[in-house]
Amino acid sequence: MKKLSLTIAILIYCIFNLYAQSKNTAQLTVHANEGKTTISKHIYGHFSEHLGRCIYGGIWVGEDSEIPNIQGYRKDVFEALKKLNIPNLRWPGGCFADEYHWKDGIGPRENRPEMINTHWGGVVEDNSFGTHEFLDFCKLLETEPYICGNVGSGSVEEMSDWVEYINFEGKSPMADLRRENGKLDTWGVKYWGVGNESWGCGGNMTPEYYANEYRRYATYARNYGKNRLYKVAGGANSWDLKWTEVLMKNVPNRMMDGISLHYYTVPNTWRKKGSATEFDEKDYFITLKKAGQMDELISQHSTIMDKYDKDKRIGLIVDEWGTWYDVEPGTNPGFLYQQNSMRDALSAGMTLNIFNNHAERVKMANIAQTVNVLQAVILTDKTRMILTPTYHVYDLYQPHMEATLLPYHLESPDYIFDGDAQESVSISCSKSKDGTINITLVNIDPNNSLQLDCNVVGKETKKVTGRVITATNINDHNTFDDPDKIVISGFKDFKISKGKIEAVLPAKSVVLLQVR
Ligand code: AHR
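The structure displayed is predicted, hence computed values, not measured ones.

What counts, and where the lines are drawn
Residues numbered from 1 in each chain as written. Predicted model: local features only at pLDDT ≥ 70, side-chain atom pairs only at ≥ 80, totals over all residues. Heavy atoms only, no water. Pairing = 2+ DSSP bridges. Helix = DSSP H or I, 4+ residues; strand = E, 2+ residues; numbered from the N terminus. Contact = heavy atoms within 4.5 Å. Axes fitted to C-alpha atoms, helices over the stretch in contact; angles between N-to-C directions. Near = heavy atom within 4 Å. Polar contact = N/O pair within 3.5 Å; in protein donor to acceptor, adjacent residues only side chain to side chain. Nonpolar A, V, L, I, M, F, W, Y, C, P; charged D, E, K, R; others polar. Buried < 20%, exposed > 50% of the residue type's maximum accessible area, 1.4 Å probe, protein only. Phe/Tyr/Trp six-rings, centres within 6.5 Å; stacked < 30°, edge-to-face > 60°. Lys NZ or Arg CZ within 6 Å of the ring centre and 35° of its normal. Disulfide = S-S within 2.5 Å.

> Explain the sheet that holds strand E16 (residues 404-405) to me, and be specific about the residues and the numbers.
Strands belonging to one sheet form pairs held by backbone hydrogen bonds; the direction of such a pair is parallel or antiparallel. Pairing is antiparallel across the open sheet formed by 6 strands, whose spatial order is E16-E20-E21-E27-E23-E24. Of all the strands in the sheet, the pair left with one neighbour each is E16 and strand E24 (489-490). Where E16 lies against strand E20 (residues 425-431), 2 bridges are found, and the strand directions are antiparallel. Residue pairing for E20: threonine 404 is matched across the bridge by lysine 431. The strands touched by helix H10 (residues 342-357) are E16, E20, strand E21 (437-443), strand E23 (464-470) and strand E27 (509-515); relative to E20, the strand with the most contacts, the crossing angle is about 50 degrees.

Below, the structure written as structure tokens:
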């Protein structure tokens, strides 16, 4: 009898799935009153490295530039970032962090020494953008700075001095030097990374060796005054689970607050990654499939972390992620400048949903990189600036910051291409402090719209609003001549029927539904 009921249940489930598949319908139930975890606003963080035109030309043009600026910072870029309410900004790298000597970037600019940026194009770095320029920019933006110290070619003393220079209020050699350079009070920087990719460009270390180094560096990165440092250990390269295991095991729990993880979505191989705009549905399918692997990646690293930190005190900090394509034809290969299409909007929407859903463990994430590099939210060309489709996704997702993550149940069809399948819908749901329910949905199917039936349990669905990002073609993108091809529009393709929301999600779209 038991066997028979099980067979019938399986049969009903299969029939339902087949029906959903053929009709392209999805059933969603959101539980409005069952949230427990806060989605850290720091999941919506950014990353700016001394790489190509990210800092120079992208953020910093100097006070004497013909490009409109505020104390040397590009005005248009500043205003665009301000509108996003970016919660934090990681700097100065990346690989650059492990060859950066911060003392070269303070004091009168004309006295600052030059160096070669060996990682990125071998160009001359004149150090005109240094500690003061970065921290004053963060202050102006009202965003939290996240500084990455130099473990690869620096010293414990150098990093310790940097913390003292920035955070110590009293009288000390470094605090006096800061005051000499015109900054009387401290900046009170909380977030500090201890090296970057120490398994690779940051020193080619073994995890055991790095774990010891981490302990030395972290010991001398002091808390001053009321400021408690949030120290992030340089974590794994994507699927290197052993790196996470060794750090968790060899570094005492209380010595680190976060452990980083880097994962880039590369459609093909590192040698031939693929074009940012000239791609077909096969490349599109692969790119989104690889972007979606972030979910499994986080689960696997979290499982290891759980063994040593069952209360999830230590954050998984995904401080580099995004799509990585071949550079735009004709641009410096060391500058990593790439365009950004509807495909990137979908991969960003999907990845941010994944981070939200892992909010218990993922406490911060930083897309690579803010301006003109990799999956940038902003592109500039001399005096001109455009916002990329990825920018608009960050804008759309703002309501999730510091909201309570809500559980949901979703039955949806697959997106099938060439005999391979992946989930067609990605979703995350949250409840804002004022009670608004935020549902972000990504329909990655490029050919079919999706009928969504949504039931919000525990909240009346009287007042619903929607916004959408979509495009005609998967490779549509904004250009300097056509900057608004992809923007956020009002979404009206839904109705309320018997207390439920019935919506039609366009093919290749990112949608925000809000129930107030
Ligand atoms: O974001 C570009 C580079 O990618 C960073 O400098 C490095 O950390 C990573 O390998």
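> Pulling in residues and values, what's your account of the site of the ligand?
Close to the ligand lie 13 residues; Glu49, Cys95, Glu197, Tyr264 and Glu320 are nearest. With respect to the ligand, the side chain of asparagine 196 contributes an N or O atom lying 3.0 Å from an oxygen atom. Residue tyrosine 264 places a side-chain N or O atom 2.7 Å away from an oxygen atom belonging to the ligand. Its residues assigned to classes, the shell around the ligand shows 7 nonpolar, 3 polar and 3 charged.

> Pulling in residues and values, what's your account of the environment of aspartate 434?
Here aspartate 434 lies in the loop between E20 and E21. Given a relative accessible area of 62%, aspartate 434 falls into the exposed group. Considered as a pair, aspartate 434 and arginine 516 are 82 residues apart in the sequence and their alpha carbons are 8.6 Å apart. Side-chain polar atoms of aspartate 434 contact the side chain of threonine 436, separated by 2.7 Å.

> Go over the packing of aromatic side chains, please, and point to the residues and values.
Following the criterion strictly, the structure yields 26 aromatic pairs and no others. Between tryptophan 102 and tyrosine 165, the aromatic rings sit 5.0 Å apart at their centres with planes inclined by 50 degrees, giving tilted as the arrangement. Of this pair, tryptophan 102 sits in the loop between strand E5 (88-91) and strand E6 (115-117) while tyrosine 165 is found in helix H4 (residues 156-167), placing the two residues 63 residues apart along the sequence. On the basis of relative accessible area, tyrosine 165 is assigned to the buried category, the value being 0%. One Lys or Arg, arginine 53, reaches over the ring of tyrosine 337 and ends 5.1 Å from the middle of that ring.

> For the sheet that holds strand E17 (residues 408-411), give the residues involved together with the corresponding values.
Ordered by their spatial adjacency, 5 strands build an open sheet running E17-E1-E22-E26-E25, and the pairing between neighbours is mixed. Two strands bound the open sheet, and with one partner strand each, they are E17 and strand E25 (494-497). In this sheet, adjacent strand axes meet at a mean angle of 20 degrees when their direction is disregarded. Where strand E22 (residues 450-457) lies against strand E26 (residues 500-505), 5 bridges are found, and the strand directions are antiparallel. By the bridge assignment for E26, leucine 452 is matched with alanine 503.

> Please provide a residue-by-residue account of the state of the cysteines, values included.
A complete count under the given rule lists 1 disulfide for this structure. Disulfide partner of cysteine 95: cysteine 201, at an S-S distance of 2.2 Å. Taking the torsion about the S-S bond as the criterion, the cysteine 95 to cysteine 201 disulfide, at about -90 degrees, is left-handed. Residue cysteine 95 is located in the loop between E5 and E6, and its partner cysteine 201 is located in the loop between strand E9 (191-194) and helix H6 (207-220); the two are separated by 106 residues in the primary sequence. Overall, the relative accessible area of 27% leaves cysteine 201 in the partly exposed class.

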